[in-house]
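Reading the structure
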Amino acid sequence: MAPSAQPLPMSVSDEKYANVKWEELAFKFVRTDYMYVAKCNHGESFQEGKILPFADLQLNPCAAVLQYGQGLYEGLKAYRTEDGRILLFRPDQNGLRLQAGADRLYMPYPSVDQFVSAIKQVALANKKWIPPPGKGTLYIRPILFGSGPILGSFPIPETTFTAFACPVGRYHKDNSGLNLKIEDQFRRAFPSGTGGVKSITNYCPVWIPLAEAKKQGFSDILFLDAATGKNIEELFAANVFMLKGNVVSTPTIAGTILPGVTRNCVMELCRDFGYQVEERTIPLVDFLDADEAFCTGTASIVTSIASVTFKDKKTGFKTGEETLAAKLYETLSDIQTGRVEDTKGWTVEIDRQG
């Protein structure tokens, strides 16, 4: 049975919206009002946490997350519908993925019910920050990290689970499609590493090539596998798909690629649309021969890839309103925002009040 959500603090404002210029909303940090915090001591289980005013966290300088990078994060969104409901999208799947990551990083973790309860509480506590329909979403960032001090030996005395939220616009603003650089020097993940979980250590090591690519005018990077340097894997923070004929292909989940929640939904929708869907090793030469390519993720949703550049050679793909990516984006967005009936049971309604 899911833990019941705690009553919100009496100071939570009843006003419908925060003072935000919604039309100018970008995908960046915006300070909101409340966050969720729960702690777990070594040998114990996580108990229900608390909604607290948003504030800086206090950490021991010897905390495991600072000394050894023991930390994970997730990302999911709350949506405001046209009729005033608040929806989450498959939060249980993020809870399960957090648990898989915690196992990999040797951390205790909250139950899926506790995770979902925390996300609901954060969304409702920050309800006035959920953008009007069509103006954006409330991005919720759960984090699990070793907060207790450790220097060279186990066990970790304390683990913290926290979640905050901020309103965001689209991650990729360019609706005409992304222009990617295929990175042939740096690798995002390695076999037996942490590429298959959302470890906090996965991201800043590839900021150097990402910054260079953006300086050169590219939207993002597409990484190749570390073992051979011949197969595509994923973008900085998104899974990748290709369409050739009637076959939709995406790289196999084999420890170096994140099992995206949106990725799984897109594969299911593609089958519903009548496409053959396959998970396989995708050589770069196959990808460059695709009719269409796109990326998926909580932030990216479904975004067309207009071109990729590899060693100064640019290859273009089909984009526009008649693409599979456009159909997937519209279908998925309609489900997430309650514009159509959710026949798949993917959304979770958390509030019926306007």
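- As annotated in an unreviewed UniProt entry, the protein chain carries the name Branched-chain-amino-acid transaminase and comes from Arabidopsis thaliana.
- Entered under Sequence similarities (unreviewed entry) in the UniProt record, the comment concerning the protein chain runs "Belongs to the class-IV pyridoxal-phosphate-dependent aminotransferase family."

**Some words on the overall build of the protein chain**
- Broken down by element type, the protein chain carries seven helices and 17 strands.
- In terms of overall size, the protein chain behaves like a compact globule, its C-alpha atoms giving a radius of gyration of 20 Å where 354 residues would be expected to give roughly 20 Å.
- When the backbone C-alpha atoms are referred to their principal axes, the protein chain occupies close to 55 × 55 × 40 Å.
- Of all intrachain contacts in the protein chain linking residues separated by at least 6 positions in sequence, the fraction that spans at least 24 positions is 72%.
- Averaged over its 38 positive side-chain charges, the protein chain has a centre that lies 3 Å from the centre of its 40 negative ones.

**Remarks on the packing of helix α5 (residues 261-272) against helix α7 (residues 324-336)**
- The N-to-C vectors of α5 and α7 enclose an angle of 110°; their axes lie 11 Å apart at closest approach. Viewed along their axes, α5 and α7 adopt a mutual orientation that is roughly perpendicular. Together, Thr262, Cys265, Val266, Leu269 and Cys270 of α5 and Leu324, Leu328, Thr331 and Leu332 of α7 make up the contact between the two elements.

**Remarks on the environment of isoleucine 156**
- Tracing the chain through its elements places isoleucine 156 in the loop between β6 (137-146) and β7 (158-168).
- Isoleucine 156 sits in the buried class, given a relative accessible area of 11%.
- When the C-alpha atoms of isoleucine 156 and glutamine 47 are compared, they prove to be 17 Å apart, with 109 residues separating the residues in sequence.
- In contact with isoleucine 156, other than residues within four places in its own chain, are His42, Ala64, Gln70, Gly146, Gly148 and Ile150.

**Some thoughts on the nonpolar core**
- Tyr36, Leu72, Ala78, Ile140, Leu144 and Phe161 are the most contacted members of the largest nonpolar core, which totals 34 residues.
- Broken down by element, the residue count for this core peaks at eight residues, all from helix α3 (residues 112-125).
- Once residues within four sequence positions are removed from consideration, phenylalanine 161 is found in contact with Tyr36, Val37, Ala38, Phe46, Leu98, Pro110, Phe115, Ala118, Pro142, Ile143 and Leu144.
- Judged by nonpolar contacts, the second largest core, of 20 residues, contains Met267, Cys270, Leu324 and Trp346.

**Observations regarding the UniProt feature "modified residue: N6-(pyridoxal phosphate)lysine" (unreviewed entry) in the protein chain**
- Mapped onto this structure's residue numbering, the UniProt feature "modified residue: N6-(pyridoxal phosphate)lysine" (unreviewed entry) falls at Lys198.
- In this structure, lysine 198 sits in the loop between β8 (178-183) and α4 (207-215).
- Given the relative accessible area of 11%, lysine 198 is considered buried.
- Lysine 198 has contacts with Gly71, Leu72, Tyr73, Glu74, Arg97, Tyr203 and Leu258, leaving out every residue within four places of it along the chain.

**Thoughts on the pattern of salt bridges**
- Considering all chains together, one arrives at 17 salt bridges under this definition.
- In this structure, the salt-bridge partner of arginine 188 is glutamate 234, at a minimum N-O distance of 3.1 Å. Highlighted residues: arginine 188 in the loop between β8 and α4 and glutamate 234 in strand β10 (residues 232-235), separated in sequence by 46 residues. You'll find arginine 188 and glutamate 234 in the same group, each marked buried.
- In this structure, arginine 280 and aspartate 286 form a salt bridge, with 3.2 Å as the shortest nitrogen-oxygen distance.

**Here we look at the domain arrangement of the protein chain**
- Split into domains, the protein chain comes out as domain 1 (22-168) and domain 2 (178-337).
- Measuring from the centre of the C-alpha atoms in domain 1 to the corresponding centre in domain 2 gives 26 Å.
- On the side of domain 2, 21 residues touch domain 1, which itself brings 23 residues to the contact.
- Both faces considered, domain 1 and domain 2 share a buried interface measuring about 1,900 Å² in area, 66% of it formed by carbon and sulfur atoms.
- On the surface where domain 1 and domain 2 come into contact, there are zero salt bridges.
- Seen at the junction of domain 1 and domain 2, the total is eight residue pairs in polar contact (both at pLDDT 80 or more).

What counts, and where the lines are drawn
Residues numbered from 1 in each chain as written. Predicted model: local features only at pLDDT ≥ 70, side-chain atom pairs only at ≥ 80, totals over all residues. Heavy atoms only, no water. UniProt positions renumbered as here; feature names shortened; annotations may be inferred. Helix = DSSP H or I, 4+ residues; strand = E, 2+ residues; numbered from the N terminus. Rg over C-alpha atoms; globule rule 2.2 N^0.38 Å. Contact = heavy atoms within 4.5 Å. Lys, Arg positive; Asp, Glu negative; His and termini not counted. Charge placed at Lys NZ, Arg CZ, Asp CG, Glu CD. Axes fitted to C-alpha atoms, helices over the stretch in contact; angles between N-to-C directions. Parallel < 35°, antiparallel > 145°, perpendicular 65-115°, else oblique. Buried < 20%, exposed > 50% of the residue type's maximum accessible area, 1.4 Å probe, protein only. Core = buried A, V, L, I, M, F, W, Y, C linked by side-chain atoms within 4.5 Å. Salt bridge = Lys/Arg side-chain N within 4 Å of Asp/Glu carboxyl O. Domains from an automatic or database assignment. Buried area = accessible area lost by both parts, 1.4 Å probe. Polar contact = N/O pair within 3.5 Å; in protein donor to acceptor, adjacent residues only side chain to side chain.

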